[in-house]
Amino acid sequence: MIRSAILFSVYLLFAQSGYAQSSGYLWPTNASNHLTSTFGETRAAHFHSGLDIKTWGREGYKVYAAKDGYVYRLAISVKGYGKVIYLRHPDSTFTVYAHLQRFNDKLQSYIDSVRMTDYSFEIDQTIDSLQIQVKQGDVIGFTGSTGVGPPHLHFETRYPDETPFNALRTNLSIEDNIAPLISSVMAVPLSQKTLIEGSYFPKVFYPGNVKNGISEFGPIQASGPVGLSVNVYDGADEVSNKYAVYELLLLSKTDTLFHERLNEFSFDEDDLMLNDRLTAFGDHRRTFQTLFKKDGPDNPFYLKVDPKTIINPSDSVINLTIVARDYFGNETAASVQIDEYSENKNATHSDHFPYSPIREWYWSNNWASTKDELTIDLRNYSFGRTWSESLNQKVQFAGDTTYFIARFTPDKPYKFTTPDQKLTVRFPEKAFFDTLTTISYHSFHDDSPYINIQPGMIPARKDIMISYYLGDHFKKGHHYRMYRLDRLRNRIRYVDSILRGRTVYGFPSDLGEFLILDDVDAPEVDEPRIVQTSYGKTLIYIYAFDSLSGIDYKSAEIIVNGKKGIVEFDNEEDLLIYYNPEFKPAKTNTIEITVFDRAGNKTQKTYTK
């Protein structure tokens, strides 16, 4: 049995290598032979699973079947891929074509016939049983901007098990004679006693000299174990777009300590990006790629991560080299020197709770550092009073604020409730990569309930449930919802939430700061525009805007001349689109619009156009 499993694994490895090296693909569009994004790049909570092909900010270019096959699946969604086609090929591999403006006439007619039965906007149908055949080069759709992002074509190649692989490993190619650029290096403390240039916080370093084509970083002075991460990007001929590099290495003399290639990953491993790409402290963008061994599962792109990537500075200077290489062999290198930090400075401990706000701390899973140079061991938290010994929970009183401290492992669900019973937080199993300590409190901010649950900088793998009991703050008939307070972007953002009785339940994707606000304003609706498209359909565009909770596109209804239609929604443009494949405008058209926001406020208007 074991021998059979090993033989199958070897067979699968060679089979997939053969798929990736296939020379039978056609470039999938006439828009351009340039890319805006490459395989394996960082997205909000996942790896990028394809190539994004440049369409110069325009829509309507032809999309071709890259190989013979049949239509396996069609889907339409407000986010993600938008309008997307999945083709399956004779060798059982797949290609995917996303963010389309529309499908070809045959596919569009089919999907319209299904959607018009219940006027649904979003749909996902596996239709391989229909055996709709396509030949290589057939026009299957047209480029657009549905889902996310500006106009472009997202193109994927997938193995038979639907694992995406880098399409540049096939015969598909672009002109690229430009080497990657290593713009900065970040040193990351890996213990609560680590100092980097005298600070307990991560520190970003920029290149000094360039010698023999190699950028020089450092010397970086540190004491205690540190890891390196790098901000690096690639380019290509005739475009200004920045891409992920295909290959990264960290070298120590002749030893390879770290090696990564962006070849393939499973969608089951998608969220490992969160454990691999870091933000600089005080930033929100995950621009730094780690080059060191971390707790938890490895990134699927890793070929080697030596324990020696955790660097312990000593009396002698440690010389390291970072190599970045794109798929076409263009490469650049940087040298990094790490020297021992010589100043005698020990981590400061205190018998009182830190004065600096918890949102300004630098957090790891096992310790935190504050701007007033206090480090806190989160594994053996010494402050406060025990609230529940069995659940590892404590209460800390500091001035007028009551902090609630909880430490839990990710191997099972976990819940805590503050002593006043107002705030409850529920974490699903595997909500985080490792054991975590949270510190939270609630108060009022401008007469609105305010909730702070840290560490917001450590990413969650699954949505969390936060419930807050309004108590005497509740007023009947008001539409309370939860919002994230985003200080870096100076804005608030709606969190998927509901009001049940006097309790607001929110489902954020990460910890952080939250407000409970009453949304009293109904959506604003602009006057409709009747638009004749270049492909023979007539649409009606209606801009709908809600400044707080946002538009609930799923409950929107538009009736034109007594006929209901599909209400599509462009969430990036706040645009409602009336679509009925049979719609032909009359000389005078009556347009009835009903729009809700996500707090339940309603706007109804009737226009004559």
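Residues numbered from 1 in each chain as written. Predicted model: local features only at pLDDT ≥ 70, side-chain atom pairs only at ≥ 80, totals over all residues. Heavy atoms only, no water.

Summing up its helical and strand segments, the chain has two helices and 50 strands in all. Along the longest, intermediate and shortest principal axes, the C-alpha atoms of the chain span 85 × 65 × 55 Å. Counting only residues that meet the buried cut, the chain has 53% of its 609 residues in that class. Here the analysis covers contacts within the chain between residues at least 6 apart in sequence; of these, 65% occur between residues at least 24 apart. For the chain, the computed accessible surface area is about 28000 Å², with 47% contributed by carbon and sulfur atoms. Of the charged side chains in the chain, 65 are positive and 77 negative; the average position of the first set lies 3 Å away from that of the second. (Helix = DSSP H or I, 4+ residues; strand = E, 2+ residues; numbered from the N terminus. Buried < 20%, exposed > 50% of the residue type's maximum accessible area, 1.4 Å probe, protein only. Contact = heavy atoms within 4.5 Å. Areas by Shrake-Rupley, 256 points an atom, 1.4 Å probe, with all protein chains shown as cover. Lys, Arg positive; Asp, Glu negative; His and termini not counted. Charge placed at Lys NZ, Arg CZ, Asp CG, Glu CD.)

To continue, consider the pattern of salt bridges. This structure, assessed with the given rule, holds 27 salt bridges. The salt bridge partner of E360 is R359, with a shortest N-O separation of 3.6 Å. Relative accessible area serves as the criterion here: at 24%, E360 is assigned to the partly exposed category. When its relative accessible area of 33% is taken as the criterion, R359 is described as partly exposed. The residue R487 makes a salt bridge to E513 at a minimum N-O spacing of 2.8 Å. One end of the pair, R487, is in the loop between β37 (480-486) and β38 (491-494); the other, E513, is in strand β41 (residues 512-518), with 26 residues separating them in the sequence. Judged by relative accessible area, R487 falls into the partly exposed class, the value being 40%. Among the residues examined, E513 registers a relative accessible area of 6% and is labelled buried. Three or more residues are tied together by salt bridges with common partners; here these are K83, D112, R115 and E568. (Salt bridge = Lys/Arg side-chain N within 4 Å of Asp/Glu carboxyl O.)

Bringing the sheet that holds strand β26 (residues 362-363) into the picture now. With antiparallel pairing, the three strands of this open sheet are ordered in space as β26-β27-β28. Whereas interior strands pair on both sides, the edge strands pair on one side only; in this sheet they are β26 and β28 (375-377). Where β26 and strand β27 (residues 367-369) come together, two bridges link them in antiparallel fashion. Paired with Y362 across the bridge in β27 is S369. (Pairing = 2+ DSSP bridges.)

With that out of the way, let us pick up the sheet that holds strand β29 (residues 385-388). With antiparallel pairing, eight strands are arranged side by side in an open sheet as β29-β30-β31-β34-β35-β41-β37-β38. Taken across any chain shown, the strands that pair with only one partner, and hence form the sheet edges, are β29 and β38. The mean angle between the axes of side-by-side strands here comes to 30°, regardless of whether they run parallel or antiparallel. One ladder, built from six bridges, connects strand β30 (residues 393-398) with strand β31 (residues 401-408); its direction is antiparallel. Pairing of A398 across the sheet is with T401, part of β31. (Axes fitted to C-alpha atoms, helices over the stretch in contact; angles between N-to-C directions.)

Confidence along the chain averages 92 in pLDDT terms, with 95% of residues attaining 70 or more. When the criterion is pLDDT under 50, residues 1-15 qualifies, and its contacts beyond four places in sequence or with other chains add up to zero contacts. (pLDDT = per-residue confidence, 0-100.)

What follows is about unusual backbone geometry. Most peptide bonds take the trans configuration, and most residues that are not glycine carry a negative phi. With an omega dihedral of 10°, the bond running from G218 to P219 counts as a cis peptide bond. With respect to the helices, strands and loops of the structure, P219 is situated in strand β17 (residues 214-223). Of the consecutive residues Q454 and P455, the connecting peptide bond is found in the cis state with omega at 20°. Take P455: it is sitting in the loop between β35 (448-454) and β36 (465-469). With a phi close to 70°, E162 is a non-glycine residue in the positive phi region. Here E162 lies in the loop between β11 (152-158) and β12 (164-165). Even without a glycine there, the phi angle at E197 is positive, about 55°. The residue E197 is located in the loop between β14 (195-196) and β15 (203-205) in this model. Judged by its relative accessible area of 32%, E197 falls in the partly exposed class.

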